[in-house]
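Chain by chain, the residues:
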Amino acid sequence: MLIATLTVVPILAYLAASAILWYALRRGPAVRGWKLAALALVLVGLGTHGGFLWHHLATPAGIDLGFFNAASLVALAVTALFALGSLRKPIESLGLLILPVAALTVALAAAWPSPSALLPTASRVLVVHIVVSLLAYSLLSIAVVQSLVLSLQERHLHEKQPGLLLRALPPLQTMEALLFQMIGLGFMLLTLTVVSGIFFSEAVFGQPLKLNHHIVLSLIAWVVFGILLFGRLRFGWRGRYAVRWAVGGFTVLALAYFGSKFILEYVVARG
């Protein structure tokens, strides 16, 4: 009964919160109470989502970081950062995509158990590495969602058809500033992840560095985000150009972990 509750409640809470946010954003700033109600539901979802993951991740043999468990863990971190950020920044619109995806990861982790990818080592260095990489991935996930919203907002403004939802969003300059703030912070955390993975591989993973596809793709993603930030500072990149680089960098980063993980667990392991 407890497991079923920890599965159903976060899914319903996230979906209800996204529906409320949709209503609130369409109505405009006069319905702040609805946004607070959505945030309360998100907090309920986060609490039960955390309980769900605790049950699924913690095993006697170690931490089970199978594909869908890992995806749900990232979704939990993304949702938590979104909830914290929405207290001070006008990013409620991002919840329209973040929250349904979080609900989906819970459903997939419950309905489609992945082959175990146990992580028996619990050294402090490894835990720090995992936490930093999780935060980096989560911040850049939110940034790419922000870039998609920004692209949609810019396109409708150019067409002079903003629509009800887009009229409820902050000004384009504010959305763009938020995007690069998130990318900048995510890039710093990604840098720490890459550095710790390369130069302290033996301390983190218990073995010397192996130049595999995960490391190569992570480095490519790091370079892409670095070029984007340099272009922003040096040449003032913005708009669709910045969005393409942000989406491209995130796509490579997603392939670095989730793409290779899916192939190893569901293609190679079952081949």
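All of the points below concern the structure found in this document. (Residues numbered from 1 in each chain as written. Predicted model: local features only at pLDDT ≥ 70, side-chain atom pairs only at ≥ 80, totals over all residues. Heavy atoms only, no water.)

Glancing now at a nonpolar patch on the surface. Together, Leu-97, Val-101 and Leu-148 line one region of the surface with nonpolar side chains, adding up to about 240 Å² of accessible area. Mapped onto the elements of the fold, Val-101 is located in helix 4 (residues 95-111). (Patch = residues over 30% accessible without salt bridge, like charges linked within 9 Å, V, L, I, M, F, W, Y side chains within 5 Å. Areas by Shrake-Rupley, 256 points an atom, 1.4 Å probe, with all protein chains shown as cover. Salt bridge = Lys/Arg side-chain N within 4 Å of Asp/Glu carboxyl O. Helix = DSSP H or I, 4+ residues; strand = E, 2+ residues; numbered from the N terminus.)

Below, the discussion takes up the pattern of salt bridges. If you walk through the whole model with that rule in mind, you get two salt bridges. Here Glu-176 and Arg-232 are joined by a salt bridge, their closest N and O atoms 3.4 Å apart. Here Glu-176, found in helix 7 (residues 172-199), pairs with Arg-232, found in helix 9 (residues 213-235); they are 56 residues apart in sequence, far enough to count as distant. Relative accessible area serves as the criterion here: at 6%, Glu-176 is assigned to the buried category. The closest approach of N and O atoms between Arg-238 and Glu-176, which form a salt bridge, is 3.4 Å. In this pair, Arg-238 is assigned in the loop between helix 9 and helix 10 (239-268) and Glu-176 in helix 7, connecting sequence segments 62 residues apart. Accessibility expressed as a relative area gives 44% for Arg-238, which makes it partly exposed. (Buried < 20%, exposed > 50% of the residue type's maximum accessible area, 1.4 Å probe, protein only.)

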